[in-house]
Amino acid sequence: MNYRLAYSVGFHPWEDAASDPPFVQKISEMFDREERGREPPYGTALDIGTGSGIWGTELATRGWQVTGIDFVDTALRRGRARAHEAGVDMRFVRGDVTALERADVGGSFRLVLDTGTFHDFNEKQRKAMGRGVTAIASPDATVLLLVWPKRRRPLIRGASRDEVEEAFPGWEITHVEPSHFRLPKPMQLLLRPDEHWYRLRRGTA
Ligand SMILES: C[S@@+](CC[C@H](N)C(=O)[O-])C[C@H]1O[C@@H](n2cnc3c(N)ncnc32)[C@H](O)[C@@H]1O
């Protein structure tokens, strides 16, 4: 997917998920699980491929200290405006998520969220992202990855469970759960994503 082109022409169907109740309910449950038994502030979270900051802003509203990273300026501008409007203090960084060690995001993140970036990468990019996440995550971190199954394109490459595991050695997949993501109506005729949330923890569940 050419994200720069997509954002420049206003093509960002993934943002519709924010107004789709089944998807919103599921992602809220994913966040609830990471917050259970604790009081805000919950700690630092990195929103990978934050886009216009929809889910990063949501995490910040819930009480996380959030940094979002993306390489598309148009998206980051919209993200800053969204966070401002929501009255939350979210940090936005322009950078490449396949080179996180070199991006100015900081470290020791307790939660790493990716709603749809990893699953369009090739093997080299997936492994680079996994290495970067491992470098910037705290020892007790959780990674939440939204992944389309492996498919022949159009649009998104997808990733298999094996590919997730290969990209995150030293991490354990604790949950794989349907995300209930739906494409906008006309696109449903072309593609049914059958997308899943992968939850990973370092070493042990
Ligand atoms: C499917 S969109 C999801 C955006 C956002 N997380 C959301 O759910 O609204 C994937 C995002 O990843 C970003 N992205 C893709 N490859 C990237 C890379 N190598 N470095 C930084 N951002 C990247 C794109 O610009 C896009 O905003």
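This text follows the structure it describes.
All values derive from a computational prediction rather than experimental measurement.

Regarding the sheet that holds strand β3 (residues 91–94)
Okay, so step 1: The seven strands lie next to each other as β3-β2-β1-β4-β5-β7-β6, forming an open sheet whose pairing is mixed. Strands with a single pairing partner mark the edges of an open sheet, and in this sheet they are β3 and β6 (171–178). On average, each strand axis in the sheet is tilted by 20° relative to the strand beside it, whichever way the strands run.
Okay, so step 2: Where β6 and strand β7 (residues 196–202) come together, seven bridges link them in antiparallel fashion. Across the sheet, the residue bridging to H175 is R199, located in β7.
Okay, so step 3: Here helix α2 (residues 21–35) sits on the sheet and contacts β2 (64–70), β4 (109–114), β5 (137–147), β6 and β7; the angle it forms with β7, its principal contact strand, is near 10°.
Okay, so step 4: Running at roughly 170° to β2, helix α3 (residues 54–62) makes contact with β1 (43–48), β2 and β4 of the sheet.

Here's the deal with unusual backbone geometry
Okay, so step 1: Going from P40 to P41, the amide bond is cis rather than trans, its omega being 5°.
Okay, so step 2: Mapped onto the elements of the fold, P41 is located in the loop between α2 and β1.

A closer look at the packing of α2 against α3
Okay, so step 1: It is the contact of α2 with α3, at a shortest axis distance of 12 Å, that shows an interaxial angle of 45°. As judged from the angle between their axes, α2 and α3 are oblique. Regarding α2 and α3, the two cross each other, and that crossing is right-handed. Of the residues in α3, those in contact with F23, V24, I27, S28, F31, D32 and E35 of α2 are W55, E58, L59 and R62.
Okay, so step 2: For the contact of α2 with α3, the per-class residue count stands at six nonpolar, one polar and four charged.

Focus: the pairing of β1
Okay, so step 1: Across six bridges, the pairing between β1 and β2 is parallel. For L46, the partnering residue across the bridge sits in β2 and is T67.
Okay, so step 2: A crossover connection joins β1 to the parallel β2 through α3; in handedness this β-α-β unit is right-handed.
Okay, so step 3: Inspection of the sheet shows β1 paired to β4 by four bridges, in the parallel sense. Across the sheet, L46 pairs through a bridge with V112, a residue of β4.

What counts, and at which threshold
- Residues numbered from 1 in each chain as written.
- Predicted model: local features only at pLDDT ≥ 70, side-chain atom pairs only at ≥ 80, totals over all residues.
- Heavy atoms only, no water.
- Pairing = 2+ DSSP bridges.
- Helix = DSSP H or I, 4+ residues; strand = E, 2+ residues; numbered from the N terminus.
- Axes fitted to C-alpha atoms, helices over the stretch in contact; angles between N-to-C directions.
- Contact = heavy atoms within 4.5 Å.
- Parallel < 35°, antiparallel > 145°, perpendicular 65-115°, else oblique.
- Left-handed = near helix turned anticlockwise from the far one by under 90°.
- Nonpolar A, V, L, I, M, F, W, Y, C, P; charged D, E, K, R; others polar.
- Right-handed = clockwise from strand over helix to strand, strands pointing away.

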